[in-house]
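Residues per chain, in single letters:
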Amino acid sequence: MTEQDTTSETETRQRRVLTGTVVSDKMDKTIVVQVQRRFKHPRYRKYVSERMRYKAHDETNQAKVGDVVRIVSCRPLSREKRWSLQAIVEKATLV
């Protein structure tokens, strides 16, 4: 086995990081984050908006509805929770 082979085995996989808006914080230690992305359709060459909703773990219940947050992938914490809150990028403005 060469040196390069051993380094590739020991490297840990890069975690996915997404940025989105909190749309629900009604659950205990869980937030629902909506991530929006725009991409060009491969066949029709038209820009399409796609919205995905992810359940993320928020240990201290600090994120509120309207906050822009950064979430990071983690091990499965429940049936639908595979993300964890990394940071609050921007707090929601009070109206």
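Predicted, not measured: the structure shown is a model, and the values here were computed from it.

Thresholds applied
- Residues numbered from 1 in each chain as written.
- Predicted model: local features only at pLDDT ≥ 70, side-chain atom pairs only at ≥ 80, totals over all residues.
- Heavy atoms only, no water.
- Helix = DSSP H or I, 4+ residues; strand = E, 2+ residues; numbered from the N terminus.
- Buried < 20%, exposed > 50% of the residue type's maximum accessible area, 1.4 Å probe, protein only.
- Areas by Shrake-Rupley, 256 points an atom, 1.4 Å probe, with all protein chains shown as cover.
- Core = buried A, V, L, I, M, F, W, Y, C linked by side-chain atoms within 4.5 Å.
- Contact = heavy atoms within 4.5 Å.
- Pairing = 2+ DSSP bridges.
- Axes fitted to C-alpha atoms, helices over the stretch in contact; angles between N-to-C directions.
- Polar contact = N/O pair within 3.5 Å; in protein donor to acceptor, adjacent residues only side chain to side chain.

1. Observations regarding the overall build of the protein chain
In step 1: When helices and strands are tallied, the protein chain shows one helix and five strands.
In step 2: Each helix (α) and strand (β) of the protein chain, taken in turn from the N terminus, gives the series α-β-β-β-β-β.
In step 3: Looking at the protein chain as a whole, 23% of its 95 residues are labelled buried.
In step 4: A total of about 7800 Å² of accessible surface is found on the protein chain, and carbon and sulfur atoms cover 47% of it.

2. Structural notes on the nonpolar core
In step 1: Counting residues in each nonpolar core, the largest one holds 12 residues, listed as L18, V22, I31, V33, V35, Y54, A56, A63, V69, I71, W83 and L85.
In step 2: When contributions to this core are tallied by element, the ones reaching two or more residues are β1 (17-24), β2 (30-40), β3 (47-57), β4 (68-73) and β5 (81-90).
In step 3: It is β2 that provides the largest number of residues to this core, a total of three residues.
In step 4: Those residues in contact with Y54 that lie beyond four places of it in its chain are L18, I31, V32, V33, V35, I71 and W83.

3. Some thoughts on the environment of V17
In step 1: Within the secondary structure layout, V17 lies in strand β1.
In step 2: Along the sequence, V17 and I71 sit 54 residues apart, while their C-alpha atoms lie 5.7 Å from each other.
In step 3: In this structure V17 touches R70, I71, V72 and Q86, once residues within four positions along its chain are discounted.

4. A look at the pairing of β2
In step 1: The pairing of β1 with β2 spans three bridges and is antiparallel. Residue pairing in the sheet places T21 in a bridge with Q34 of β2.
In step 2: Taking the residues between adjacent antiparallel strands as the criterion, β1 and β2 are bridged by five residues, where K29 takes a positive phi near 60°.
In step 3: In this structure, β2 lies alongside β3, joined through 11 bridges in antiparallel fashion. Residue pairing across strands places K40 opposite Y47, the latter belonging to β3.

5. Focus on the sheet that holds β5
In step 1: Strand order in the closed barrel formed by five strands is β1-β2-β3-β5-β4, with mixed pairing between adjacent strands. Strand after strand, the sheet turns through a mean of 50° between neighbouring axes, direction not considered.
In step 2: Judged from the three bridges that link them, β3 and β5 form a sheet pairing that is parallel. Looking at the pairing, A56 lines up with W83 of β5.

6. Focus on the side chain of D67
In step 1: Along the chain, the position of D67 falls in the loop between β3 and β4.
In step 2: Residue D67 is classed as buried on the basis of its relative accessible area, which comes to 2%.
In step 3: Side-chain polar atoms of D67 contact the backbone nitrogen of A92, separated by 2.8 Å.
In step 4: Look past the residues within four positions of D67 in its chain and what remains in contact with it is G20, T21, V22, Q62, I88, E90, K91 and A92.

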